[in-house]
Amino acid sequence: MVVALVVTAILLIKVVPIFAETFSGFGADLLGFTLFVLGLLDTMRGSWVFLIFCVSAGLIAFRKARFRSEKFAYAVDGVMLKAPIVGLITYNSIIARFARTLSTTFSAGVPIGDALKSVAGAAGNRLYADAIMKVCEEVMAGIQLQQAIKNLNMFPTLLQQMAAIGEDFVALDKMLEKAATHYENAVDDSVNHLTSLLEPIIMSVLGVLVGGLLIAMYLPIFQLGNVV
């Protein structure tokens, strides 16, 4: 997408003005599409600094709002989990991070309560950070980890089952490691699938942008014979 924008900008800034000068001596009405492209060029010339400023200000404002407003941060994290395709990747990555971090800290001898607090800090999502802290509270109250996870209904069944097997056979760290590997592979597969879907879309967008500009510039030249 960045390549498409750069190529389009170069065509508008370097190539289109040359055609515009040529068209000015035609003495005939230009096509609507060509007029639209020329108007877009004039808009970019007059307001490209303003557009860059608006985009930069919007990104900075979004970042500051997410950092300062708890409600906004929770809303953004909730939307990320519900978004198509990206939501599944986000969910699997959170579960993978939960299982991997808990497995590593627990196998290093860190008490389960302290390990869960570390996991909450590494969740990367406010909703799941709060959920993990609730799991920590229930575990500290004497409830088994697999039951605490099950009570929240925010974690997959597979993770609950792996935690139950690990607690029953005193191999919680190993079972969590297996769960982490499973969900990490799921994230990799989803990202690869997303990439394969995006490639033709990106090529189509690039073709439409560049091809549209070329068509808008060359069609009047093809009609030059009618003017003559």
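Structure: above.
Just so you know, these numbers come straight off a predicted model, no measurement behind them.

### Let's talk about the overall build of the protein
Then comes step 1: On a plain count of helices and strands, the protein comes out with ten helices and zero strands.
Then comes step 2: Reading the helices (α) and strands (β) of the protein from amino to carboxyl end gives α-α-α-α-α-α-α-α-α-α.
Then comes step 3: Taking the principal axes of its C-alpha atoms as reference, the protein extends roughly 90 × 35 × 25 Å.
Then comes step 4: Within the span of the protein, comprising 228 residues, buried residues form 33% of the whole.
Then comes step 5: Taking the contacts inside the protein whose residues are at least 6 apart along the sequence as the reference set, 60% of them involve residues at least 24 apart.
Then comes step 6: Split by element, the accessible area of the protein, about 13,900 Å² in all, is 67% carbon and sulfur.
Then comes step 7: Of the side-chain charges in the protein, 16 are positive and 17 negative, and the distance between the mean point of each set is 6 Å.

### A short note on the layout of surface pockets
Then comes step 1: Taken as a whole, the largest pocket holds about 190 Å³ of empty space.
Then comes step 2: In this structure, the largest pocket is lined by Leu5, Val6, Thr8, Ala9, Leu12, Leu40 and Met44.
Then comes step 3: Secondary structure elements with two or more residues in the lining of the largest pocket: α1 (2–23) and α2 (32–68).
Then comes step 4: Among the elements that make up the lining of the largest pocket, the one with the highest residue count is α1 (five residues).
Then comes step 5: Of the residues in the lining of the largest pocket, the class split is six nonpolar, one polar and no charged.

### Digging into helix α7 (residues 145–152)
Owing to its 3.6 residues per turn, the α-helix brings residues three or four apart onto one side.
Then comes step 1: Taken residue by residue, α7 has Leu145, Gln146, Ala148, Ile149 and Leu152 as its buried positions. Along the long axis of α7, the arc covered by the buried residues comes to 165 degrees, so they all point the same way.
Then comes step 2: Against the buried residues of α7 lie α4 (86–107), α5 (112–121), α6 (126–140), α8 (157–168) and α9 (172–222).

### Quick notes on the nonpolar core
Then comes step 1: Phe98, Leu116, Val135, Leu145 and Phe155 are the most contacted members of the largest nonpolar core, which has 32 residues in total.
Then comes step 2: Of all the secondary-structure elements, those providing two or more residues to this core are α4, α5, α6, α7, α8 and α9.
Then comes step 3: Counting residues per element, this core draws most heavily on α6, which supplies seven residues.
Then comes step 4: In this view, leucine 116 contacts Phe98, Leu102, Ile132, Val135, Cys136, Val139 and Leu145; residues no more than four positions away in its chain are not counted.
Then comes step 5: Grouped together as the second largest cluster of nonpolar side chains are ten residues, Leu11, Val37, Leu41 and Ala216 included.

### Let's talk about the packing of α6 against α7
Two numbers describe a pair of packed helices, the interaxial angle and the distance between the axes.
Then comes step 1: Interaxial distance between α6 and α7 falls to 9 Å at its minimum, and their mutual angle equals 135 degrees. Between α6 and α7, the crossing angle belongs to the class labelled oblique. Between α6 and α7 lies a crossing of right-handed hand. On α7, the residues touching Ala131, Lys134, Val135, Glu138 and Val139 of α6 are Leu145, Ala148, Ile149, Asn151 and Leu152.
Then comes step 2: Among the residues making up the contact of α6 with α7, the classes are represented as seven nonpolar, one polar and two charged.

### Quick look at a nonpolar patch on the surface
Then comes step 1: Side chains of Phe33, Phe36, Leu40, Leu214, Ile215, Tyr218, Leu219, Ile221 and Phe222 sit close together on the surface and give an oily, nonpolar patch of about 840 Å² of accessible area.
Then comes step 2: Listing elements by their share of the nonpolar patch, those giving two or more residues are α2 and α9.
Then comes step 3: Counting residues per element, the nonpolar patch draws most heavily on α9, at six residues.
Then comes step 4: As for its placement among the helices and strands, leucine 219 is situated in helix α9.
Then comes step 5: Judged by its relative accessible area of 33%, leucine 219 falls in the partly exposed class.

About the thresholds
- Residues numbered from 1 in each chain as written.
- Predicted model: local features only at pLDDT ≥ 70, side-chain atom pairs only at ≥ 80, totals over all residues.
- Heavy atoms only, no water.
- Helix = DSSP H or I, 4+ residues; strand = E, 2+ residues; numbered from the N terminus.
- Buried < 20%, exposed > 50% of the residue type's maximum accessible area, 1.4 Å probe, protein only.
- Contact = heavy atoms within 4.5 Å.
- Areas by Shrake-Rupley, 256 points an atom, 1.4 Å probe, with all protein chains shown as cover.
- Lys, Arg positive; Asp, Glu negative; His and termini not counted.
- Charge placed at Lys NZ, Arg CZ, Asp CG, Glu CD.
- 1 Å grid on protein atoms, 1.4 Å probe; cavity = no way out; pocket = protein on both sides within 12 Å on 5 of 7 lines; lining within 4 Å.
- Points joined across faces, edges and corners; volume = space filled by probe spheres on them.
- Nonpolar A, V, L, I, M, F, W, Y, C, P; charged D, E, K, R; others polar.
- Arc of directions from axis to C-beta.
- Core = buried A, V, L, I, M, F, W, Y, C linked by side-chain atoms within 4.5 Å.
- Axes fitted to C-alpha atoms, helices over the stretch in contact; angles between N-to-C directions.
- Parallel < 35°, antiparallel > 145°, perpendicular 65-115°, else oblique.
- Left-handed = near helix turned anticlockwise from the far one by under 90°.
- Patch = residues over 30% accessible without salt bridge, like charges linked within 9 Å, V, L, I, M, F, W, Y side chains within 5 Å.
- Salt bridge = Lys/Arg side-chain N within 4 Å of Asp/Glu carboxyl O.

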